[in-house]
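# Structural characterization, general
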Amino acid sequence: MQTGVDINRIKLPTQFDINDDKWMTDMMKISDWNKLRAKLHHDWLQNRYLTFLMARAEYMDGIIDGRASVSEDILEQFTGWKDKTEDMHKLINEAVYALSPAQLLDEYPLNRMAEENKKWLKEVVHSLYVERTGMKETSEKLTEKFSIVSELYAFLLRILKGENNGLRQKAGEPPFKRFYNEVQEFSKVISSLPHEVQVV
Amino acid sequence: MSLPKVLVIDDQFGRLIADRRNLCFNFGLVDITGDDSKPEKVKDPVAEAIFCSGQRVEKNQVTNDTAIALSAIKDGWPHQDGWLWAMVLLDIRFVSGKIGKDKEPEGQPGDSDFGMRILDEIQKYYPDLPVVMLSSRERKEVSLEFSIKGAQAFIPRADEKGPGFLKEYLHKYGLLPDEEGEIVGCSKALLTALNSIRRTAFAGDRRNILIRGERGTGKELIAGFIHRQRARGKASPFVVVDSSNLTDELFASLLFGIEPKVATDVAARTGRIKDADGGELFFDEIKDMLPQVQAGVLRVLQEKEITPVGAKKPIPVDVSFISATNINIEALSGIGSFRPDLLDRLREGGTIFLPPLRERIEDIPLLVEKFVRTAEKSIPKAKHRKIEPEALEKLMRYDWPGNIRDLENCIKNAVMQYPDVEHLVPLHIRFPEGEKIGDKSIYSSSITVHPREISEEYMQTPLSAASNTFEEKKLPVMLTEQSRGIVNYILQALEIYRDKSNDDPNYPQTWMAMTGDTKKRNSSEYQRFIGNYIFQLPDEDIVSLMKQSKVFEKAVLQCGSKIQSAKKRLTGIRRFFAEDKVN
């Protein structure tokens, strides 16, 4: 089985360092972020992955309790999480900037402002937006939910791979159903994000 | 009973088999699309589903295409095998474009609401087809748009409550046959009528309902269905009253009851309305209701209480009235033979129009099956028989002026006459009106016009006051006596209308003399009035008359557009008339 990205090594955003001004130039445009969100969240996570978990969580809980082996197609669908991890990380990390009104300073007519003014104004606008919209808290919540799902995923994968050192007992009851619930919670937080730049 | 069929129009679940299996598992859908070699086995299925992506896939390009979705709908609307979609489940976002490295389309502008474009087309071409949105989109983002475009509801696809919603909406909005099998048939006309009843019952609506339909169309069965839907398994009364039995002398005691000790030779009794308390009372043939009875019933509807004969105080009642008639009661009301205020009360919850059997011939095989088996059971030693296709064909070619009741009698007679055979064949079938197998084409030179049921009072409304100068009086030579009566009335009315158009100062007097209606009507009301007569005639008669009279042709087109219930028929009539002229 291919392992792809090691989710434990992904650095998740925990704070916003406005002194590091790299974000000002690398900011993802809202249109691109929305496109990524639609493809990743709506088309894959909600339509496909959650539909899969809703259908098969109970079955997979039954499998690990019965120590039977999981079928290839089910395993392939389950490990779809791993394939999307990098993009998911990008979506979460970029959300706070993509939705920031600081974007507007790169668009007409504000983009005609002198660069030195634009720079400090961007910082101010972004800071105000982060504080006033609760975006910081939302982003932290996203990160937290993502971590929970990723950790649980890695844990369940070890069980499915047949590691038998008491993991099943540690998992509690029933772990795949719990995984489904956690993915749903994670999805709900993404859904709560706006689709447009937030002007405050 | 077979499972209802739903059409799922969804890009991903239309294309991706593994994902579709998950969806089917979650929602209890049996996949009968035919493109999956191992479709999901569903434990407690709620419907059979055919999936359609609404997309074209060519080389590495996916293109959204409403024509594909519409073509899939057409396949089951109605299907040649007799079934039709109970419902469409429609996705909103359809991802199209070049297929990327992840084997998924890259996406294009317009994808996010392509389902709404399909919904527009469905409303345009299949307005009777119930559509429920099935999507992962946030409901609040799309709620206004799908409401405007006519969808019934929204099911969140990734939500665990989704399957429960599907069950509920299928029952509430789906075009489903009578689950108890008392009303037989799965034609669009019938299922649409049953659906409208379920919807009102589901909403807890217990307002009075009027059922209109020709004789023998099963109005009492429909009344029973309304009662069952409203009762939802709980015990509640359903009382049938034949309006023609309500004489001026007896109606009060029959409907309101008699108090004990009113007179020495009169026994106390509970009235039929009290019997129906908490349930439904069915008034059959309200056209036969006498004026005094109408006044008495109106009081009950207004006050929601009855006073039994000999009682000092009224008693409250909670009764829902279902009434039925086989004539255009609105027209009767318009000429003063039925109280308009009573009619308004009796149809406050709406009017259900029952289709005649000739408009639901696809139901004939199911009905014949039921009637043959019933007859075999009721006739001693009658053999079980196979219904031969030729016999069915013969039955389906007849016009059935007496509708289902006549069909049932015809089948019973066939079994009774030939109890010892194992086949129902054309020879066994004798039609109630002789061997006049109707050529259903209205282009036929020998149009078969069956008598409509019009009450005697209606037929005998005085026409003598109207002048006799209308040059087209002799037109309806091909019509039966009863139809001719209506047509004469229409011609008289048209004549007055023509005078009115010429500012005839005598118009109100002429009108009043003819109808007894003291209200001066404006042009629009007048057209609606005439239209109410015209559209009592069958389409064949209307087209035939249009061919013979330009005045009539103009009246049909003008007056028909004023009557809501005639608008649909008018479209077909226009088309037939235009085609017939060309031919």
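For the structure, see preceding data.
Right, let's walk through the structure included here. Remember, predicted model here, so these are calculated numbers, not experimental data.

What follows covers the environment of K59 of chain B. All names here are of chain B. For K59, the location among the structural elements is in the loop between β4 (55-58) and β5 (61-64). Under the relative-accessibility criterion, K59 is labelled exposed at 81%. Along the chain, K59 and P177 lie 118 residues apart, while their C-alpha atoms are 43 Å from each other.

Attention now goes to the interface of chain B and chain A. Taken together, the contacts link 27 residues of chain B with 19 residues of chain A. Here chain B packs against chain A, burying approximately 2100 Å² in sum over the two surfaces, 41% of which is carbon and sulfur. Here chain B and chain A share six salt bridges between them. For the interface between chain B and chain A, the tally reads 17 residue pairs in polar contact (both at pLDDT 80 or more). Only α1 (11-15) and α2 (17-27) of chain B provide two or more residues apiece to the side of chain B that touches chain A. For the side of chain B that touches chain A, the leading source of residues is α2 of chain B, giving seven residues. Residues belonging to the side of chain B that touches chain A are distributed by class as follows: nine nonpolar, five polar and 13 charged.

The next subject is the packing of helix α2 (residues 30-66) of chain A against α2 of chain B. Any two packed helices are characterised by how steeply their axes cross, that is the angle between the axes, and by the distance between the axes. In contact at an axis separation of 8 Å, α2 of chain A and α2 of chain B are set at 50° when each is read in the N-to-C sense. Judged by the inter-axis angle, α2 of chain A sits oblique to α2 of chain B. The handedness of the crossing between α2 of chain A and α2 of chain B comes out as left-handed. For the pair formed by α2 of chain A and α2 of chain B, the contact residues are R48, T51, F52, M54, A55 and R56 of chain A on the first element and D19, R21, N22, L23, F25 and N26 of chain B on the second. Taken together, the residues of the contact of α2 of chain A with α2 of chain B break down into five nonpolar, three polar and four charged.

What follows concerns the nonpolar core. Considering soluble globular proteins, one finds that nonpolar side chains tend to be buried as a cluster. Within the largest apolar cluster, 55 residues are counted, with the highest numbers of intra-cluster contacts made by I273, F283, I534 and F552 of chain B. With near-sequence residues (within four places) excluded, I534 of chain B lies in contact with I490, I542, F552, A555, V556 and C559 of chain B. I30, I64, L142 and F186 of chain A belong to the second-largest nonpolar core, a separate cluster that totals 54 residues.

Take unusual backbone geometry next. Most of the time, phi is negative for any residue but glycine, and the peptide bond is trans. Note that the residue after Y108 of chain A, namely P109 of chain A, is joined by a cis bond; omega there is 5°. The topology assignment puts P109 of chain A in the loop between α4 (80-98) and α5 (115-133). The phi dihedral of K381 of chain B falls on the positive side, at around 65°, and the residue is not glycine. Here K381 of chain B lies in the loop between α14 (364-378) and β19 (386-387). According to the relative accessible area criterion, K381 of chain B is exposed, its value standing at 77%.

We now examine a nonpolar patch on the surface. On the surface, a nonpolar cluster with roughly 250 Å² of combined accessible area is contributed by L104, L110 and V199 of chain A. Relative to the elements of secondary structure, V199 of chain A occurs in the segment after α8 (175-192).

Turning our attention to α2 of chain A. Residues and elements named next belong to chain A. In this model, α2 (37 residues) spans only 47 Å end to end at C-alpha, well below the 54 Å of a helix rising 1.5 Å per residue. For α2, the principal kink sits at R56 and spans about 50°. In terms of residue burial, α2 counts as a mostly covered element, since 26 of its 37 residues are buried.

Here we come to the packing of aromatic side chains. Under the definition given, this model contains 23 aromatic pairs over all chains. A ring pair is formed by W81 of chain A and F186 of chain A, whose centres lie 6.0 Å apart and whose planes are at 75°; its orientation type is edge-to-face. Of this pair, W81 of chain A sits in helix α4 while F186 of chain A sits in helix α8, placing them 105 residues apart in sequence. Among the residues examined, W81 of chain A registers a relative accessible area of 0% and is labelled buried. Aromatic pair Y398 of chain B and F431 of chain B: ring centres 3.9 Å apart, planes at 10°, arrangement stacked. Of the two residues, Y398 of chain B sits in the loop between α15 (389-397) and α16 (403-417) while F431 of chain B sits in the loop between β20 (423-424) and α17 (456-459), which places them 33 residues apart along the sequence. The pair formed by Y398 of chain B and F431 of chain B is uniform in burial state, with each residue classed as buried. For the cation-ring pair, R56 of chain A lies above F25 of chain B, with the distance from its terminal atom to the ring centre recorded as 5.0 Å. Residue placement shows R232 of chain B over the ring face of F202 of chain B; its charged tip is 5.0 Å from the ring centre.

Turning to the sheet that holds β4 of chain B, a few remarks are in order. Residue and element names in this part refer to chain B. Here three strands make up an open sheet; going across it, the order is β4-β5-β7 and the pairing antiparallel. With partners counted over all chains shown, the strands left at the sheet margins are β4 and β7 (97-98), one partner each. Pairing of β5 with β7 involves two bridges; the strand directions are antiparallel. Paired with V62 across the two strands is G97, which belongs to β7.

Thresholds, definitions, all that
Residues numbered from 1 in each chain as written. Chains lettered and ligands numbered in written order. Predicted model: local features only at pLDDT ≥ 70, side-chain atom pairs only at ≥ 80, totals over all residues. Heavy atoms only, no water. Helix = DSSP H or I, 4+ residues; strand = E, 2+ residues; numbered from the N terminus. Buried < 20%, exposed > 50% of the residue type's maximum accessible area, 1.4 Å probe, protein only. Contact = heavy atoms within 4.5 Å. Buried area = accessible area lost by both parts, 1.4 Å probe. Salt bridge = Lys/Arg side-chain N within 4 Å of Asp/Glu carboxyl O. Polar contact = N/O pair within 3.5 Å; in protein donor to acceptor, adjacent residues only side chain to side chain. Nonpolar A, V, L, I, M, F, W, Y, C, P; charged D, E, K, R; others polar. Axes fitted to C-alpha atoms, helices over the stretch in contact; angles between N-to-C directions. Parallel < 35°, antiparallel > 145°, perpendicular 65-115°, else oblique. Left-handed = near helix turned anticlockwise from the far one by under 90°. Core = buried A, V, L, I, M, F, W, Y, C linked by side-chain atoms within 4.5 Å. Patch = residues over 30% accessible without salt bridge, like charges linked within 9 Å, V, L, I, M, F, W, Y side chains within 5 Å. Areas by Shrake-Rupley, 256 points an atom, 1.4 Å probe, with all protein chains shown as cover. Expected span 1.5 Å × (residues − 1). Bend = angle between axes of the 7 residues up to and from the residue. Phe/Tyr/Trp six-rings, centres within 6.5 Å; stacked < 30°, edge-to-face > 60°. Lys NZ or Arg CZ within 6 Å of the ring centre and 35° of its normal. Pairing = 2+ DSSP bridges.

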